[in-house]
Amino acid sequence: MSVESSSHFDAIVIGSGIGGLVTATQLAAKGARVLVLESYLIPGGSAGYFERNGYRFDVGASMIFGFGDRGTTNLLTRALEAVDTSIETIPDPVQIHYHLPEDLELKVHREYEDFVGELSALFPHEKEGIRKFYDECWRVFNCLNAMELLSLEEPRYLMRVFFQHPLACLGLVKYLPQNVGDIARRYIKDPTLLKFIDIECYCWSVVPAELTPMINAGMVFSDRHYGGINYPKGGVGQIAQKLVEGLEKKGSTILYKSRVKRILVENNRAVGVELVNNTRYYGDRIVSNATRWNTFQSLLPEEMLPASEERWQKRYQKSPSFVSLHLGVDASVLPEGTECHHILLENWEKMEESHGTIFVSIPTLLDPDLAPSGHHIIHTFTPSWINEWKGLSYSDYNAKKEEVADRIINRLEAIFPGLNAGLDYQEVGTPRTHRRFLNRQDGTYGPIPQRKLLGLLGMPFNRTAIPGLYCVGDSTFPGQGLNAVAFSGFACAHRIAVDLGL
Ligand SMILES: Cc1cc2nc3c(=O)[nH]c(=O)nc-3n(C[C@H](O)[C@H](O)[C@H](O)COP(=O)(O)OP(=O)(O)OC[C@H]3O[C@@H](n4cnc5c(N)ncnc54)[C@H](O)[C@@H]3O)c2cc1C
């Protein structure tokens, strides 16, 4: 689709990750004229997909929250509904099958009581503490799930929700500055169980409980039992595809292969963008779905770095990226009853280390159509820093990819014997791949605290110090994950709609 560069838009969104697309569709649904500019060939960013040899691989996310059919925290369902669309989803009966040190094996069942029962059977002396800890997470969730989730930067909305749900609001204010570790230690003493709480956090926040905000934990640890984990039929890429369809039906536009080189600023106000081919587009509001580091270090001149961003960069650092193996395997590798998501860790000391924790996702157990008949997809990844992959020659880089992939596969043999022999297809991505295809500085998964902070209080909302410029996505409140960036998108669109008087 072509767009006159002289056209003026209500809002221009840089990037079509789920955060960017939810912002764009919410605005389009309110009647705004929006232009989304995406540097890649398809939408979705970390929630995109690619196809090889009959396999449809998810780029990143595959454990999807936010597809519930009740409450207010089902933000993916709501984002699709807002543009008159929906996706068939397949419920996952188990969120994660953990394979942990000292033969600690357990499953997080969709049924809360089944999960708490299984964990309590493993730690009978902590039965009461387990119940109290997870019940406290439910209290956070129940506060969030009582109210419409919109922009916390909009005073009239805050007043309204406060008068409608005063107790829920006070509950959230109480939990906002808290981290999981402090609350877990209040109820639980067993060191191994505390380590389990650490990995329960680490597997989505990439930091241990001590550094993980309680608000996010309340969402994750409860919604997995409330709305549940639900996989979109046709693969995760469907979410972005459907949002784009909805966006276009509402009269707005997305352009692919349109990499923004810089944000145009006039009289200290963001007024437009310039692509790498020098085309310029102008809009009343500019939204960046790139990470904060990309936005403030690449899309704007260095001298424009606001003091608030400098302070943020002192509090938060880039998390590592991942080495990802996208494997096609013979179906015989997976025994009957295998779960979709697994976490493998052999030594607690290595949980946070590069190549320590291994994540596994087998979406074809839920949607077999993503692979050729008789085959499954195994997407497995482990944290890795970009520095490990810098300065290598082409052949050294490829050799290192093979070596790291072999090590991961050998470790996975412990839970999937015969994996190596059953390989049909293998593609390895590194932090360099994430940087290149997802446009994320150093391929980072997102911001993590440099030190213990006051829960979520330090995460910025959508407005920035530069008038007219907003950020959305995982480097804004409340952080990483598809449902979290959808929250950020709802909030961003709400704030912009109010600013535009829509
Ligand atoms: C391996 C992996 C596994 C994950 N697993 C899960 C999971 O199971 N569940 C879950 O909920 N979350 C998971 N996540 C996290 C989740 O995918 C992300 O938090 C979320 O998708 C980030 O969305 P976003 O909107 O912030 O932006 P992104 O997905 O980063 O998208 C940003 C988009 O902006 C585009 N862009 C950037 N700069 C420019 C520019 N200058 N010009 C034009 N376009 C630009 C990019 O190309 C990209 O398409 C996972 C992430 C990874 C990497």
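In this text, all values refer to a predicted model and were calculated from it rather than measured experimentally.

Rules and cut-offs
- Residues numbered from 1 in each chain as written.
- Predicted model: local features only at pLDDT ≥ 70, side-chain atom pairs only at ≥ 80, totals over all residues.
- Helix = DSSP H or I, 4+ residues; strand = E, 2+ residues; numbered from the N terminus.
- Buried ≥ 20, exposed ≤ 12 C-beta atoms within 10 Å, placed from the backbone.
- Contact = placed C-beta atoms within 7 Å.
- Near = placed C-beta within 6 Å.
- Core = buried A, V, L, I, M, F, W, Y, C linked by C-beta atoms within 7 Å.
- Pairing = 2+ DSSP bridges.
- Axes fitted to C-alpha atoms, helices over the stretch in contact; angles between N-to-C directions.
- UniProt positions renumbered as here; feature names shortened; annotations may be inferred.
- Parallel < 35°, antiparallel > 145°, perpendicular 65-115°, else oblique.
- Nonpolar A, V, L, I, M, F, W, Y, C, P; charged D, E, K, R; others polar.

## Observations concerning the overall build of the chain
Here is step 1 of the chain: For the chain, the helix and strand inventory stands at 15 helices and 20 strands.
Here is step 2 of the chain: Taken over the C-alpha atoms alone, the chain extends approximately 60 × 55 × 40 Å along its principal axes.
Here is step 3 of the chain: Burial statistics for the chain: of 502 residues in total, 51% are counted as buried.
Here is step 4 of the chain: Look at the contacts in the chain between residues 6 or more apart in sequence, and 73% of them connect residues 24 or more apart.

## A closer look at the site of the ligand
Here is step 1 of the chain: Lining the immediate environment of the ligand, one finds 39 residues, of which Gly-15, Gly-17, Gly-45, Gly-60 and Gly-473 sit closest.
Here is step 2 of the chain: When contributions to the shell around the ligand are tallied by element, the ones reaching two or more residues are helix H1 (18-29), strand S14 (321-330) and helix H15 (482-500).

## Concerning the nonpolar core
Here is step 1 of the chain: Ile-12, Val-34 and Ala-486 are the most contacted members of the largest nonpolar core, which totals 131 residues.
Here is step 2 of the chain: Tallying contributions element by element places H15 first for this core, with eleven residues.
Here is step 3 of the chain: Look past the residues within four positions of Ala-486 in its chain and what remains in contact with it is Ile-18, Val-22, Gly-66, Leu-75, Leu-76 and Ala-79.

## Remarks on the pairing of strand S7 (residues 104-109)
Here is step 1 of the chain: When strand S6 (residues 94-100) meets S7, the two strands line up antiparallel, connected through six bridges. Across the sheet, Val-94 pairs through a bridge with His-109, a residue of S7.

## Concerning the sheet that holds S7
Here is step 1 of the chain: The strand order across the open sheet built from seven strands is S7-S6-S15-S16-S17-S14-S18, with neighbouring strands paired in mixed fashion. The open sheet has two free edges, formed respectively by S7 and strand S18 (423-429), since each of these has just one partner strand. Put simply, the sheet's adjacent strands are angled 15° from each other on average, direction ignored.
Here is step 2 of the chain: Sheet topology note: the S14/S18 ladder contains six bridges and is antiparallel. By the bridge assignment for S18, Val-329 is matched with Leu-423.

## Some details on the environment of Ile-466
Here is step 1 of the chain: With respect to the element layout, Ile-466 can be found in the loop between strand S19 (447-449) and strand S20 (469-471).
Here is step 2 of the chain: For Ile-466, a count of 21 C-beta atoms within 10 Å corresponds to the buried category.
Here is step 3 of the chain: Note: C-alpha distance between Ile-466 and Pro-306 (160 residues apart in sequence) is 7.7 Å.

## Structural notes on the environment of Tyr-231
Here is step 1 of the chain: Mapping Tyr-231 onto the fold places it in strand S8 (residues 230-232).
Here is step 2 of the chain: The class for Tyr-231 is buried, based on 28 C-beta atoms found within 10 Å.
Here is step 3 of the chain: Once the C-alpha coordinates of Tyr-231 and Gly-251 are considered, the two residues, 20 residues apart in sequence, prove to be 29 Å apart.
Here is step 4 of the chain: Discounting residues that sit within four places of it in the chain, Tyr-231 has contacts with Ile-64, Thr-89, Ile-90, Asp-92, Pro-363, Leu-366 and Asp-367.

## Considerations on the UniProt feature "domain: Amine oxidase" (unreviewed entry) in the chain
Here is step 1 of the chain: As recorded in UniProt, the sites labelled "domain: Amine oxidase" (unreviewed entry) are residues 18-496.
Here is step 2 of the chain: A distance of 17 Å separates the end C-alpha atoms of residues 18-496, which is 37% helix and 21% strand.

## A closer look at the pairing of strand S11 (residues 269-275)
Here is step 1 of the chain: By the bridge criterion, six bridges tie strand S10 (residues 260-266) to S11 in an arrangement that is antiparallel. Within S11, the position partnered with Val-265 by the bridge is Ala-270.
Here is step 2 of the chain: Connecting S10 to the antiparallel partner S11 that follows it, the hairpin turn spans two residues, and Asn-267 within it adopts a positive phi of roughly 50°.
Here is step 3 of the chain: In the sheet, S11 pairs with strand S12 (residues 280-288) via three bridges, with the strands oriented antiparallel. Within S12, the residue paired with Val-273 across the bridge is Tyr-281.
Here is step 4 of the chain: Connecting S11 to the next strand, S12, in antiparallel fashion are four residues, including Asn-278 with a positive phi near 75°.

## Notes on unusual backbone geometry
Here is step 1 of the chain: With an omega of 5°, the peptide bond running from Phe-477 to Pro-478 counts as cis.
Here is step 2 of the chain: Here Pro-478 is to be found in the loop between S20 and H15.
Here is step 3 of the chain: Non-glycine residue Asn-53 carries a positive phi angle of around 50°.
Here is step 4 of the chain: Judged by the 11 C-beta atoms lying within 10 Å of it, Asn-53 is exposed.
Here is step 5 of the chain: In this structure, Asn-268 is a non-glycine residue whose phi angle is positive, near 70°.
Here is step 6 of the chain: As for its position among the elements, Asn-268 is in the loop between S10 and S11.
Here is step 7 of the chain: On the neighbour-count criterion, Asn-268 (10 C-beta atoms within 10 Å) is exposed.

## Some details on the packing of helix H2 (residues 75-82) against H15
For any two helices packed against each other, the geometry is given by the interaxial angle and the distance between the axes.
Here is step 1 of the chain: Packing of H2 against H15 brings their axes to within 9 Å, and their N-to-C directions diverge by 45°. Classified by the interaxial angle, the pair formed by H2 and H15 is oblique. Side by side, H2 and H15 meet where Leu-75, Leu-76 and Ala-79 of the first sit next to Leu-482, Asn-483, Ala-486, Phe-487, Gly-489 and Phe-490 of the second.
Here is step 2 of the chain: Looking at the contact of H2 with H15 residue by residue, the class counts come to seven nonpolar, two polar and no charged.

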